[in-house]
Amino acid sequence: MDRDLSDEDSVVDLSFEAESPLAPPAELLERLPSYDCLFQGGGRQIFFPPLEALGRPQEPRCWSSFLEHRVPVVTEEVAREALLSFVNSKCCYGSAAAGDLVIQELKQQTLCRYRLETFSESRISEWTFQPFTKHSVDGPQRGTSPRLWDIKVQVPPMFQEDTRKFQVPHSSLVKECHKCHGRGRYKCSGCHGAGMVRCPSCCGAKRRAKQPRRCQMCSGSGRRRCSTCSGRGNKTCATCKGEKKLLHFIQLVIMWKNSLFEFVSEHQLNCPGELLAKAKGENLFKDENTMVYPLIDFPLREISLASQRGIAQHSATLASRARVLQQRQTIELIPLTEVRYWYQGKTSVYYIYGTDHRVHVVDYPEQYCCGCTII
């Protein structure tokens, strides 16, 4: 059932057109003097941060007091209690073995974990649009748009990642919707504007095959109301939400990111490295400032090298695309103990790591089912 519509209210058939672009074509928009470069390369641009002065110079450090830190020794009693606690947290592990096994040897080692965090801010601009609801337009006639790094915003707490979007002042333009060409709706692709479609039950034959009665789904008409448009023959434009016009503007996207570099000193035991990277440790050293400097004089050379490598990596990665707001480097002591035990004629091992005595079992002897992950 096609409808007679005036030219003003007519709909356009967009059944075979591509979906709306992420941004309108550049030729439809007046160029803003401060953002001409936005049109060069897909309507999106990264804005480089201004150069800032370096932080305070590096000061000599005395490491003798730091090296006096010692983590508590793991005794045989502590080792057994840690294993029992681990076993009790597993539904399919029996506790008898943990209580009866004979601990033969404890190998203990203290590792150093170096961690560098760099909290940075990056800004990009992009054209975007939203339905125009006849509110006031903050366009170029109200002034020149500020440069992106001149726009003041509230920074989230340090080392907490976040992403926020802001409308750049004086960058708004109102244009006819490029999807429906300013009509606010378009012809339904399901029924091609008719409002009715062929009955799926009888395929338009009004009766189902080999049945004398008329089709009950369509009451013998052979057609049913289009479910896509509810029989209207047209749909509201999803781009402008029926408003016929769009408000185009430059959107500032600010991303605060916390980049992480970690290194754990070498050890002679076979505990997986990914567990040690997440282990809870005892803080030995902390340095936080706008910029931190490599620990070139730390007694453990591999930690000094890791500090130099981490700071260099972050500097090279972020220098050209983000502004560093804060850096933090820490050194933690991670206790690691290998427990060698004997049970029912077989020798095996398990590991206790971290100050909270987490356990990693290589092959626990008393398991009742499969499918559990050993951590």
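First, a word on scope: everything that follows refers to the structure included in this document. Each chain carries its own residue numbering, running from 1 in the written order of its sequence. Predicted model: local features are reported for residues with pLDDT of at least 70 only, side-chain atom pairs are reported and counted for 80 or more only, and whole-chain, interface and lining totals are derived from all residues. Hydrogens are left out, water is left out, and the side-chain values use all remaining heavy atoms of the structure.

1. Quick notes on the state of the cysteines
In this description, the term disulfide denotes a pair of cysteine sulfurs within 2.5 Å. According to the stated counting rule, one finds zero disulfides in the structure shown. The cysteine Cys240 is free of any disulfide, with Cys237 supplying the nearest cysteine sulfur at 3.8 Å. What makes Cys240 buried here is its relative accessible area of 0%. Summary of the burial criterion: residues with accessible area below 20% of their type's maximum are buried, those above 50% are exposed, and those between are partly exposed, where the area comes from a 1.4 Å probe applied to protein chains only.

2. Points about the nonpolar core
Judged by nonpolar contacts, the single largest core of 20 residues is most densely connected at Leu83, Tyr350, Ile352, Val359 and Tyr364. Secondary structure elements are defined from DSSP: runs of H or I of at least 4 residues count as helices, runs of E of at least 2 residues count as strands, and each element is numbered from the N terminus. If you list the elements that add at least two residues to this core, you get helix H1 (76-88), helix H2 (96-100), strand E11 (323-343), strand E12 (346-353) and strand E13 (358-361). At five residues, the largest contribution of residues to this core is made by H1. In terms of nonpolar packing, the next biggest core, distinct from the first, is built from 16 residues, Val71, Phe261, Ile311 and Leu333 among them. Buried Ala, Val, Leu, Ile, Met, Phe, Trp, Tyr and Cys residues form a nonpolar core when they are joined through side-chain atoms within 4.5 Å.

3. Points about the packing of aromatic side chains
Only Phe, Tyr and Trp rings take part, Trp by its six-membered ring, and two of them pair if their centres are within 6.5 Å. Stacked means planes under 30 degrees apart, edge-to-face means over 60, and tilted covers everything else. Taken as a whole and judged by the stated rule, the model has five aromatic pairs. Ring centres 6.0 Å apart and planes at 75° place the aromatic pair Phe86 and Tyr93 in the edge-to-face group. Taking the centre distance of 5.8 Å and the plane angle of 50° together, the rings of Tyr341 and Tyr350 count as tilted. Whether a charge sits over a ring comes down to the Lys NZ or Arg CZ being within 6 Å of the ring centre and within 35 degrees of the ring normal. Looking at Arg309, its charged tip hangs above the ring of Phe263, at a distance of 5.7 Å from the centre. When the ring centre of Phe159 is taken as origin, the NZ or CZ atom of Arg328, which lies over that ring, is 4.0 Å away.

4. Considerations on the pattern of salt bridges
Think of a salt bridge as a Lys or Arg side-chain nitrogen and an Asp or Glu carboxyl oxygen that are within 4 Å of each other. Inspection of the entire model under this criterion finds twelve salt bridges. Where Asp150 meets Arg147, a salt bridge forms, and the shortest distance between an N and an O atom there is 2.9 Å. The exposure class of Asp150 is partly exposed, given its relative accessible area of 38%. Residue Arg147 is classed as exposed on the basis of its relative accessible area, which comes to 61%. Its salt-bridge partner being Glu338, residue Arg340 comes within 3.7 Å of it at the nearest N-O pair. What emerges from the salt-bridge pattern is a single network uniting Arg113, Arg115, Glu262 and Glu332.

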